[in-house]
Structures are given as structure tokens and as C-alpha cells.
Amino acid sequence: MSEETLELKPSILPPQYPSKFYSFDRSSGVKYEVKTGERSESSSITAVPSLRPYDAEGQQTDGGHGIPDCPDGGTQAWLVVLGGFLTYFATFGYLNSFGTYQAYYTEDLLSYRTPSDIAWIGSIQLFFLFFGGMIFGPMFDAYGAKILFIPGTLIYVASFMFQSLSKEYYQLMLSQGIMFGIGDAMLFYPTISSVSHWFDRRRGLALGIVVAGSSLGGVAWPILIEALIKRINYAWAVRISGFICLAFLVPSIFMVRGRLPPNKGKQADGGINGQVIKDIFKDGRYTWFVGGTFLVFWGMFIPFYYLPDYGKSHGMTATEANYLLAYLNAGSLVGRVLSGLLADKLGRFNISFLCALFSSVLLLALHRMDKPSSIIAFSVLYGFLSGGLISLQSACVSQITSNIAQVGLKIGLMMALCSLVALTGPPIAGAILTWHQKDGEQHNSPLYWDGLINFAGVIMIVGSAAVGWSRLKVKMGWRARV
């Protein structure tokens, strides 16, 4: 017996496929993989259908994979992950530390403003970050990463310098809110979309590592910002933070890049028009997942804003309360990487649903957590569970996207819709607190926090149900790994 390989129709193969391993039948739309076998009297070498259908250009079209011959590793792929990690540390990680500014502004710079007013600054950041997906997601599809990364870095770092000069509420709204949010969005979308170009089977892990950068940043930034404000002053604390971010972003400019060629001017493949968007939302899996994410995000970010105030109202010092954000993001760091690993093995939709459900239940349990030790435990566990939500949302959308050229657009549409809840969630929570304060409730009274906890927890439970339904629409049966 001898071992051989068989070549079939190499002239019609796309250049990225080795001719001695693959043959593509244009008439049937099926790519065939030529298997090596043993020749005997009763057997011969045959061509068998590949597990993944391909279109007439040899591109994958099913299963949400959508990436032709995806490397799932290699030097350049992991450099993209490293660049994404650095980017998220400097951007999303810094955004996660807004609770530190919320507490500082409440007591010092903007003490004449209500908690709801101050929360609008952070909400504006999130709004422009999420809504920017409508613009910067398709721009990445059309032009690639670098055209967004360079101006995005300049705008982002400039927002720190303007924030350091700001004294009034409207000045902070413009610099720390609007300018910061736009710069962050210009860096966020090329990063998350580029990773999807390089990874398929290991996409959950790759995205988990990237988004873990924001968790590590969320651990470091609150401690660093508070220390700099105390030892130097507020203005220089902000400037130094900006210079540190610049040092992280400059190497990322050269590391983060897409693998597929830009899709400029090809509306049929990835451009924005009304029919394309309508067709996207005809996919019930996508629509239910986006709707569930919309509701989950409405409540999920509220603890990131108000947890330090909650700690102080239950006997913690200002420094101890500020460290709650570090504990939360430390838990998130582990949760984002571990959820990525589990998602690749057990299913991305499965893990997303479980993270959403358990996060909402834990948030409602905060009613009974009024001791410093229990509040610290809540911070770590909530960070762990919510971290999986943040790291897997893009992986889930990519999984149900048959046309990889539209992945930036579909992620952008989801984030743009979520921008509405990012804009309104924390201010609504602040208004609830102000309402209780007007009723004479004290900060350390359970009733003072009940409305905020109920609003965030209940809305997250409803969102979890929608995410669960989207998972069933991908594939029925709870044992399925989807």
C-alpha cells in the first residue's frame, strides 16, 4: 500500500488555497478537500466535501465563520491581539475608571452639581463610543484600520489636554465627554474588527485577551488617578494619564491591522444603505441578540459609576471605596479571558447568556450586601460575570455573520443602538438617587439605593431572556454548543 495525494482542477482555485489539497466546483458551489488515503484493491483516493460551504469566489459562507483560510494564529495575528490589548488598556480601561472622576467631581470640582448631572459626562463618553460604530465600523470595512487609528490617537490624547484645562461643567462635557468618546470610538472599532479577521475557532480567546486589556486598565487607572490627584493635582494627573495613553497607542498603530483587503465602494459586500440594514435585521438571531444586549447594557454599566459612592455610604473610606473599581476590573480581567476560553469550547452564545443572567441576579442581591467585605466580594464577582458580556458580544455577532465584509457594519449597528442606553442608564440611576434624597432618605439607608438596584437588575434580567432566545434561534436545544 502507498500513500498519495490527488490534484483536481487546480486552474480554478483561489490563490490562497494550495492546489494539491483543494478543488472548487463553481457549478455546485462546494469546495472539495482532497484527502490523502491508502491505495488498495478495494479503495482509492477520493475528494470529499469540506465541512464549510464556500461561494463562487472560494469564500466561506456558513456557520458564521466567514473567513477564508483563517490563520487562527501566527506572528502577525498575535501582534494584532497585543496591539488590541494595549489599545483597550489605554481607552476602554480608562473609560471604566470614570467612577473615580464621578466621586471626585461630586466632592470637589463639580460639587454644586447633582450626581445625575455628573453622570452625563461619562454617559456622553459611552454614547459616542457606541454610536461611533455606525460610522467607524463601515469605515474600517471600506478603508482598513490605519486611516482611523492615527487621527483617533491624536483626538484621544488631545481630549486629555483639554480636560486638564477645564474648570466648568460644559468644558468637561466637551473635552472629557464628546472629544474623548469620539477618539475612543475611532480606536475601538478597527481593533475589535481586525481581531475577527485573524481568528475563527480561537476568536473567543483572542477577543477575550484584547478586552482583558480594558480590565487591567480598569484596575490600574482608578488607583493611579487618585494617587496623582492627591500627590500632585487634578490637572497634572489628567495630563500624565494622557501621556501614558500615548505611549500605549503609538506602537498599536503599527500592530493593529486587518487581514482582508479594504472593501471600498462595494455596497453589496459591506456598504451602508437602507436595504443592507433591513436585510441584516431580518436575521432573527441578530435582532434578538442586539435587543438583549441593548437591555443588558442599560443596567450593566451603572455599578461602574456608583459603586464607590455605594461603598462610602456603607462605611468605607474614600480610598477604600475607590478601590472597589479596581476589584471590579480585576474580576473582569479574569472573566474576560476565561469566558473566551469557555466560549470556544462550550459555545459563545451559551456563555453570553449565562454571564448576562448571573450578572443580573448578583446585582439584585446587592440589596443584602451592606458590609465592606460583602461589597468587595460583589465587586469581584460582578466584574467577573460582566466581563464575559463585554468580551463576547462581538464574537457572537461575528459567529452569525456569513459575509465577513459586513462584520464591522453589524458590530457598529449593535453598538450604535446600545449608545442610547449608555447615554441614559447612569443619568437615570442618578435621577433615582436624587429623587430618594429629596424624600429625605440618607445615603446609608437601604431605601436610598433600592430604586437604582431594582432598575438595573430587572432591566438586565429582561435582556438576559432576549439573549437566551437569540441563542435558541441559532440552534434549538440547550445542550448545543453555540
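Values in this document were obtained by computation on a predicted structure and should not be read as measured data.

## Here's the deal with the overall build of the protein chain
Next up, step 1: Each helix and strand counted, the protein chain has 17 helices and 5 strands in total.
Next up, step 2: Across the 482 residues of the protein chain, 56% fall into the buried class.
Next up, step 3: Here the contacts in the protein chain between residues at least 6 apart in sequence split such that 79% fall between residues at least 24 apart.

## Regarding the packing of helix α8 (residues 203-231) against helix α15 (residues 372-399)
Next up, step 1: One way to put it is that α8 packs onto α15 with a least axis distance of 8 Å and a crossing angle of 145°. Between α8 and α15 lies a crossing whose hand is right-handed. Taken together, the residues of α15 that come into contact with α8 (itself represented by Arg 203, Leu 207, Gly 208 and Val 211) are Ile 390, Ser 391, Ser 394, Ala 395, Ser 398 and Gln 399.
Next up, step 2: Of the residues assigned to the contact of α8 with α15, the class counts are 4 nonpolar, 5 polar and 1 charged.

## A closer look at the pattern of salt bridges
Next up, step 1: A complete count under the given rule lists 8 salt bridges for this structure.
Next up, step 2: Notably, a salt bridge pairs Glu 226 with Lys 230, separated by 3.7 Å at the nearest N-O pair. In this pair, Glu 226 and Lys 230 both sit in helix α8, 4 residues apart, roughly one turn of the helix.
Next up, step 3: Relative accessible area serves as the criterion here: at 13%, Glu 226 is assigned to the buried category.
Next up, step 4: Close ionic contact of Asp 344 with Arg 348 constitutes a salt bridge, the shortest N to O distance being 3.5 Å.
Next up, step 5: Overall, Arg 348 belongs to the buried group, its relative accessible area being 9%.
Next up, step 6: Ionic contacts of the salt-bridge type, sharing partners, join the residues Glu 107, Asp 309 and Lys 312 into one network.

## Description of the confidence of the model for the protein chain
Next up, step 1: For the protein chain, the mean per-residue pLDDT works out to 80, and 81% of the residues sit at or above 70.
Next up, step 2: Predicted confidence for residues 1-67 stays below pLDDT 50, and this span has 126 contacts to residues more than four positions away or in other chains.
Next up, step 3: In the model, residues 266-271 has pLDDT below 50 throughout and makes 16 contacts with residues more than four positions away in sequence or in other chains.

## Considering empty space enclosed by the protein
Next up, step 1: Scanning the model with the defined rule gives 4 cavities of 30 Å³ or more in all.
Next up, step 2: A volume near 90 Å³ is recorded for the largest cavity.
Next up, step 3: Of all the secondary-structure elements, those providing two or more residues to the lining of the largest cavity are α11 (284-300), α14 (348-365) and α15.
Next up, step 4: Among the elements that take part in the lining of the largest cavity, α11 stands out by supplying 4 residues, more than any other.
Next up, step 5: The residue makeup of the lining of the largest cavity, split by class, is 7 nonpolar, 3 polar and no charged.

Rules of the game
- Residues numbered from 1 in each chain as written.
- Predicted model: local features only at pLDDT ≥ 70, side-chain atom pairs only at ≥ 80, totals over all residues.
- Heavy atoms only, no water.
- Helix = DSSP H or I, 4+ residues; strand = E, 2+ residues; numbered from the N terminus.
- Buried < 20%, exposed > 50% of the residue type's maximum accessible area, 1.4 Å probe, protein only.
- Contact = heavy atoms within 4.5 Å.
- Axes fitted to C-alpha atoms, helices over the stretch in contact; angles between N-to-C directions.
- Left-handed = near helix turned anticlockwise from the far one by under 90°.
- Nonpolar A, V, L, I, M, F, W, Y, C, P; charged D, E, K, R; others polar.
- Salt bridge = Lys/Arg side-chain N within 4 Å of Asp/Glu carboxyl O.
- pLDDT = per-residue confidence, 0-100.
- 1 Å grid on protein atoms, 1.4 Å probe; cavity = no way out; pocket = protein on both sides within 12 Å on 5 of 7 lines; lining within 4 Å.
- Points joined across faces, edges and corners; volume = space filled by probe spheres on them.

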